[in-house]
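# Architecture at a glance
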Amino acid sequence: MAEQPFTVAKVPVSSWSFAIRVWLATILALFVSFWLQLESPTTAALTVAVLAEPTRGQALDKAGFRLLATVVGVTASIVITGLFSQTRDLILIAFAVWLGICVFASKLLDGYRAYAAVLSGYTVGFIATQQIDNPQHVFESGMARGAAIAVGILSIALVNTLMFAPDRRSQLVAQLTAIRRRVRKYADAAFRGKAGDSTTFVALLRDVVTLRPEIASVALESSGGCAGSAAARSVAVDLVAELQVARALNDGRAHGVSDESEARAGSELLRRDEELRQDLLALRSARWPSRLWRAPLYRSYRIAAESGVRASLWLAIASICYVWAGWPATSVSLSFVTLITGLGATTPNPRAFTAIALVGTPIAVVLTGVLEFVVLNGADAFPLLAIALAPFTIGAALLMTSKNLLWSSLGRVNLPYIMLILGPSNPQAYNPQAFLFTSLYIIAAAALLLAAQTLIPPLSDDKRRMWLLAEARSELQKPIRRGEAREDATFRDASRIGQFLAAGGAQDSGALAEMLSCFDRSAMLRQGHGVASPQEAN
């Protein structure tokens, strides 16, 4: 039986620690921003909210990509406004195209790399579109935003270090070790001649490939982080390779292969298991593994292109509506349309994410109103602001740690939105009219985007599964890739199965069976063509 974590008010201590770190980092970011008299202290606090991750490595990994994406977004803002500064309509068209390109890129990546791609897109929304009438201020706005982001990153890094935020590597070791036990159980059954269960095989593949984005975050945790990340990547590839060999052994027995082939497959299974054991030891001791694998991600360019086009169309529809409405401060609302569109692109269901944002925004508005006009009520002393923010920031962060997807999503929406609506400044401007209009524009952004996504729905799960299966069939007709190790190629195929399952593939038994058949045949073709790893070639 698993050990139950110690709780306070039925909430694990680890969740409380995480929430308190987020609050302290927010206060530190605001304090430094006020002290340096930065133009955008809200951005510093918002950066902390965005980088709120449970482990130190994840926060640092996300911070690095956020900083890189901000540079790309600021550069794109300068280029777009420089080319189309005299034509507002062309700026909006260029912005929609740029957002589509960023969503396209995000669909070819995973983890924080995908987040960085969409951040490059919606950064233009917060810089170029909000300065659409003052293009000469785009560079200054970008520099101010970059400075505030740097303060936010340094704040959360310092708080995580001083409060001993947990590392991801120890958790990753436990997860991979547990998966290894399950894989070994599956392989032992195959070795003893017992028929394998496809459901178990698929579940194990999915559990391995979903850890891929988290493996990268280990690299920034310590001086031995790069070695640990490489070892974890090798373990993941080894797990998939052992699963494939065990499945091939099962299938071979079912089709009556020769004793010699069966003995060869059994020997291969033992070799894979020993390699996996060695790489797990390397991961535990944070040293470089004997074999370096890339663990490549499967990329569907067709799905990525379709998603990018739809994102551009959603933004175009929103822009047309705002132009027709002739609202003042339209750029503020349009910025939030791009924000929700970009963040939704990194989720399996963009429309569901927009719906959650539409539900969570009024909640954030009410909470911010209570904070600003009831709790603070005109106070301008920083200690009062710090104390007043505590229940709202800590509460939202605690919701983020919930295992319930709805509560967790609401926490992730409310934490940054409270900062966005409050707009902390020195001195704080208690303007009910500005608060009301900002709130209405944010709610309108979510509502308008949901309407656009209803008119032009996101790519459906059925179509995603159909295209992934078609691409798996097509690859069987293509020549074997030279220069790619067999283990890496097998992992890439496994990541395609993971994407297929994420699109509801477990419920489509016929298509899943064909996808697994393509996986098996691809492995056989690579083995038949003698595509070997560099170590085997030597």
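Predicted, not measured: the structure shown is a model, and the values here were computed from it.

## As for the overall build of the protein
- Of the regular secondary structure elements, the protein holds 21 helices and 2 strands.
- In summary, the protein has a C-alpha radius of gyration of 25 Å against a globular reference of 24 Å for 538 residues, a match within 12%.
- With the C-alpha coordinates aligned to their principal axes, the bounding extent of the protein is approximately 85 × 50 × 40 Å.
- When burial is assessed residue by residue, the protein has 52% of its 538 residues classed as buried.
- A separation threshold of at least 6 residues defines the contact pool for the protein, and within that pool the share at least 24 residues apart is 79%.
- For the protein, the accessible surface area stands at approximately 24,100 Å², while carbon and sulfur atoms represent 62% of it.

## Considerations on the packing of helix α18 (residues 461-476) against helix α19 (residues 486-502)
- Put simply, α18 and α19 touch, their axes get as near as 9 Å, and they point 160° apart. As far as their axial angle goes, α19 and α18 are roughly antiparallel. Where α18 crosses over α19, the two elements pack in a sense that is left-handed. Contacts between α18 and α19 involve R464, R465, L468, E471, A472 and E475 from the former and R492, D493, R496, Q499, F500 and A502 from the latter.
- Here the residues of the contact of α18 with α19 are counted per class, giving 4 nonpolar, 1 polar and 7 charged.

## Some remarks on the packing of aromatic side chains
- Applying the stated criterion across every chain, the model contains 8 aromatic pairs.
- Relative to F382, the ring of F34 lies with its centre 5.9 Å away and its plane at 90°, an arrangement referred to as edge-to-face. Of this pair, F34 sits in helix α1 (residues 13-36) while F382 sits in helix α15 (residues 382-400), and the two are 348 residues apart along the sequence.
- Ring plane angle 35° and centroid distance 6.1 Å describe the contact between Y186 and F201, whose orientation is recorded as tilted. Here F201 lies in helix α8 (residues 198-209) and Y186 lies in helix α7 (residues 168-191), a separation of 15 residues in the sequence.
- Assessed through its relative accessible area of 8%, Y186 is described here as buried.

## With respect to the side chain of T26
- Tracing the backbone shows T26 in helix α1.
- Excluding residues within four positions of it along the chain, T26 makes contact with A45, V48, T393 and M419.

## A word on the pattern of salt bridges
- One pass over the structure, following the stated rule, counts 29 salt bridges.
- The salt bridge partner of D273 is R184, with a shortest N-O separation of 3.8 Å. Here D273, found in helix α11 (residues 259-284), pairs with R184, found in helix α7; they are 89 residues apart in sequence, far enough to count as distant.
- We classify D273 as buried; its relative accessible area is 13%.

What counts as what
Residues numbered from 1 in each chain as written. Predicted model: local features only at pLDDT ≥ 70, side-chain atom pairs only at ≥ 80, totals over all residues. Heavy atoms only, no water. Helix = DSSP H or I, 4+ residues; strand = E, 2+ residues; numbered from the N terminus. Rg over C-alpha atoms; globule rule 2.2 N^0.38 Å. Buried < 20%, exposed > 50% of the residue type's maximum accessible area, 1.4 Å probe, protein only. Contact = heavy atoms within 4.5 Å. Areas by Shrake-Rupley, 256 points an atom, 1.4 Å probe, with all protein chains shown as cover. Axes fitted to C-alpha atoms, helices over the stretch in contact; angles between N-to-C directions. Parallel < 35°, antiparallel > 145°, perpendicular 65-115°, else oblique. Left-handed = near helix turned anticlockwise from the far one by under 90°. Nonpolar A, V, L, I, M, F, W, Y, C, P; charged D, E, K, R; others polar. Phe/Tyr/Trp six-rings, centres within 6.5 Å; stacked < 30°, edge-to-face > 60°. Salt bridge = Lys/Arg side-chain N within 4 Å of Asp/Glu carboxyl O.

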